[in-house]
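Topology and contacts: notes
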Amino acid sequence: MTNDGARAATGPTLFLHAGMPKTGTTAIQSYCQKNPRPLAAAGLAYPGLVNGNHGGLFEALFAETPWRQGSTRQQLVEGRDALMSGLDDFLARRRREGLDVLMSGEALSVFKAPSLERLKAFAERHYDNIVVIVLVRPPQALARSATQQNIKSGRSFQQFVESPPTPALRARLRPMIRVFGKENVRVGLYHKSALVEGDSLQTLFHIMGGDRSALADARAPRVNTSISLTAAKLLSIFNAAVQHRSPPQDLPAPVMERLTHPFIDSLHEGFTAPIGVHNERAALLGTTMTRVPGPKYQLQREIAELVHTASRLHVGWLDKAFGIDLDRYDDPVDESLGLADMTVFAEEEIEAITQTLDPVIANPKKHLGHHLRLHNHRSGDIVRRSLKRLGARA
C-alpha cells in the first residue's frame with residue numbers, strides 16, 4: 001500500500017473515493033449509506049442524497065456530457081438543480097460541524113480533467129482539503145472478477161476475447177493527478193495480503209487516516225458473489241444465443257429441454273430477451289442460472305494472455321508513479337483451461353444445471369412472485385423519491 005493517511009492535512013477533508021472497478025466499491029458504499037451514526041462517531045459524513053453510489057450524482061452534476069440513456073440516469077440529469085443545491089447544503093453543514101466527508105463513485109475514475117475541474121471548483125466552496133482515493137487490483141484478479149460480473153450482466157466469453165477487461169490505470173489516474181496534484185491522490189492495493197483486517201472498508205479508512213477507532217469493528221458487507229465455472233459456461237452460451245437471437249447449439253440435450261420448457265421460454269422470449277435489469281422476467285432466469293453450483297470459476301488461458309499483454313503499459317506506469325508492482329501480487333496464467341473447454345459439460349455439471357432449473361419449472365408462480373418482490377424497490381423509484389424530497393427541501 002502507498003500514499004496512506006499518515007500525512008493527512010489539518011482541518012476537515014473531503015475524500016473522493018473513485019473505486020476502481022472490482023475493488024469492493026459497492027460494499028463500501030453499502031456500508032456507508034446504511035451506517036451514518038457510526039461514521040459520525042468517527043468524524044465522518046457520507047451524503048445520502050440519492051443512494052450510496054454517488055457515481056450518478058457526479059455524472060449529473062459535473063460530467064461534460066451527462067448520461068442521457070436510462071430512466072434513472074435521465075431523472076438525475078433532470079433533477080440537476082435540486083441535486084446541486086442539496087449537495088452544496090450538505091457540504092456546508094458538514095464543514096461547519098468540522099466533519100470530514102466521504103463520497104464514493106467509480107464514475108470519477110473515468111472523468112477527464114474538465115469534469116474533475118468542475119467538481120474541484122464546486123467542492124472548494126466548502127473544503128480546502130480534497131483527497132482522491134483509489135484502490136487498484138492486479139490485472140488477472142481484476143479480469144477474473146470482471147468477467148464473472150459481465151457474464152451475469154449478459155456478455156459472453158467471446159466478447160472478452162474481442163475486448164479483454166484490463167485496468168486502464170494510467171488513463172484513469174493521470175487526470176486526477178493533473179487536477180488535484182499527485183500529493184492528493186492516494187493509491188491502495190486491493191489484494192488479500194494488503195487489505196487491512198482483510199477488509200476493503202478498513203483499508204479505505206486506513207488510507208484516509210485520522211482517528212477512525214469508532215469504526216474499528218466496521219466491515220464491508222458481501223454484495224457481489226462469485227459464480228461457479230459451470231454457471232459461467234451456461235450463462236455465456238445463453239448470452240451469446242440471445243445476442244444472435246437464436247437457440248444455442250452448444251448445450252447438452254437435458255439442459256436445452258429445460259430452457260425450452262414453456263415457462264422458461266416465456267422468460268427469455270425464445271432466446272431474445274437479455275438477462276438485464278430492464279426485463280424482470282429474464283432477470284429471474286439469469287438469477288437462477290447464477291446459482292448453479294460447480295467448480296470454482298477460472299479465467300480462460302486465451303483471455304488471461306490477452307489481459308497480460310494489454311496491461312503491461314499500465315502496470316509499469318503504476319509501479320513507476322506509486323511504487324506498486326501489481327505483477328508481484330497477481331495470479332499466474334492457468335494453462336489448463338481454454339475457451340474450447342467452455343462448451344464442454346461433465347455429467348455432474350449437467351445434473352447441477354437441471355437440478356437448479358427444475359424447481360422453477362415445477363412451481364413457476366412461486367419463484368416469479370418471490371423474484372419480483374425482491375426487486376420491487378427499483379433504483380428509479382429510489383431516485384424519484386429522493387429528488388422529490390430535495391425539491392420540497394429547497
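Use the structure listed above.
A short tour of the structure in this document, coming up. Predicted model, so just to flag it, every value in this text is computed and none were measured.

**Some remarks on the packing of aromatic side chains**
All chains considered together, the criterion is met by four aromatic pairs. Here the aromatic rings of Phe157 and Phe160 are separated by 6.4 Å at their centres, their planes lie at 65°, and the arrangement is edge-to-face. Linking Phe157 with Phe160, this pair stays in helix H8 (residues 157-162), spanning three residues, or about one helical turn. Across this residue pair, the class does not change: Phe157 and Phe160 are buried. Plain terms: the ring middles of Trp317 and Phe322 are 6.2 Å apart, the flat faces sit at 70° to each other, and that makes the pair edge-to-face. Phe322 matches Trp317 in its accessibility class, with the two residues each being buried. Here the guanidinium or amino end of Lys182 rests over the ring plane of Phe322, the centre of that ring lying 5.3 Å away.

**Describing the pattern of salt bridges**
Enumeration according to the criterion identifies eleven salt bridges in this entry. A salt bridge links Glu97 to Arg94; the nearest nitrogen and oxygen atoms lie 2.9 Å apart. According to the relative accessible area criterion, Glu97 is partly exposed, its value standing at 47%. Residue Arg212 is joined to Asp100 by a salt bridge in which the shortest nitrogen-to-oxygen separation is 2.7 Å. Of the two residues, Arg212 sits in the loop between helix H10 (200-208) and helix H11 (229-244) while Asp100 sits in strand S3 (residues 100-104), which places them 112 residues apart along the sequence.

**Description of the pairing of strand S4 (residues 129-136)**
Within S4, eight of the eight residues are buried, which leaves it mostly tucked inside the rest of the structure. Both faces of S4 are covered, namely the face carrying Asn129, Val131, Ile133 and Leu135 and the face carrying Ile130, Val132, Val134 and Val136. Both strand S1 (residues 13-17) and S4 contribute to a ladder of five bridges, which runs parallel. Following the sheet pairing, Leu16 is matched in S4 by Val132. Two strands pair when backbone bridges link them, and S4 and strand S5 (residues 185-189) are joined in this way by five bridges, in the parallel orientation. Its bridge partner lying in S5, Val136 is registered against Leu189.

**What about the environment of Arg301?**
Take Arg301: it is sitting in helix H15 (residues 301-310). A relative accessible area of 24% places Arg301 in the partly exposed class. Spatially, the C-alpha atom of Arg301 lies 5.6 Å from that of Glu335, the residues being 34 residues apart in sequence. Setting aside residues up to four positions removed in sequence, Arg301 forms contacts with Val333, Asp334, Glu335, Ser336, Leu337 and Gly338.

**Observations concerning the layout of surface pockets**
When its volume is computed, the second largest pocket comes out at roughly 390 Å³. If you trace the second largest pocket, you find 19 residues lining it, with Gln158, Ser236, Ile237, Ala240 and Asp250 closest to the centre. At the level of elements, H8 and H11 are the ones that each hand at least two residues to the lining of the second largest pocket. Among the elements that line the lining of the second largest pocket, the one with the most residues is H11, at six residues. Taken together, the residues that form the lining of the second largest pocket break down as eight nonpolar, nine polar and two charged.

**Quick word on unusual backbone geometry**
In this model, Gly19 is joined to Met20 through a cis peptide bond whose omega is 15°. Relative to the assigned elements, Met20 resides in the loop between S1 and helix H1 (25-34). Within the chain, Glu197 stands out as a residue other than glycine whose phi angle is a positive 55°. Here Glu197 lies in the loop between S5 and H10. The backbone of Phe271 shows a phi angle near 60°, a positive value even though the residue is not glycine.

**What about the packing of H11 against helix H14 (residues 280-290)?**
Put simply, H11 and H14 touch, their axes get as near as 9 Å, and they point 150° apart. If you check the angle between H11 and H14, you find them roughly antiparallel. Contact residues: Ala231, Leu234, Leu235 and Phe238 in H11; Leu285, Gly286, Met289 and Thr290 in H14. Of the residues that constitute the contact of H11 with H14, the class distribution is six nonpolar, two polar and no charged.

**A few points about the pairing of S5**
The buried count for S5 comes to five of five residues, which makes it a mostly enclosed element. The alternating pattern of S5 places Val185, Val187 and Leu189 and Arg186 and Gly188 on opposite faces, both of which are buried.

**Some points on the side chain of Arg172**
Along the chain, the position of Arg172 falls in helix H9 (residues 169-180). Buried charge without a salt bridge: Arg172, with Glu106 as the nearest opposite-charge side chain at an N-O distance of 6.3 Å. Not counting the four nearest positions on each side in its chain, Arg172 is found in contact with Met20, Pro21, Ser109 and Val110.

Rules of the game
- Residues numbered from 1 in each chain as written.
- Predicted model: local features only at pLDDT ≥ 70, side-chain atom pairs only at ≥ 80, totals over all residues.
- Heavy atoms only, no water.
- Phe/Tyr/Trp six-rings, centres within 6.5 Å; stacked < 30°, edge-to-face > 60°.
- Helix = DSSP H or I, 4+ residues; strand = E, 2+ residues; numbered from the N terminus.
- Buried < 20%, exposed > 50% of the residue type's maximum accessible area, 1.4 Å probe, protein only.
- Lys NZ or Arg CZ within 6 Å of the ring centre and 35° of its normal.
- Salt bridge = Lys/Arg side-chain N within 4 Å of Asp/Glu carboxyl O.
- Pairing = 2+ DSSP bridges.
- Contact = heavy atoms within 4.5 Å.
- 1 Å grid on protein atoms, 1.4 Å probe; cavity = no way out; pocket = protein on both sides within 12 Å on 5 of 7 lines; lining within 4 Å.
- Points joined across faces, edges and corners; volume = space filled by probe spheres on them.
- Nonpolar A, V, L, I, M, F, W, Y, C, P; charged D, E, K, R; others polar.
- Axes fitted to C-alpha atoms, helices over the stretch in contact; angles between N-to-C directions.
- Parallel < 35°, antiparallel > 145°, perpendicular 65-115°, else oblique.
- Lys, Arg positive; Asp, Glu negative; His and termini not counted.

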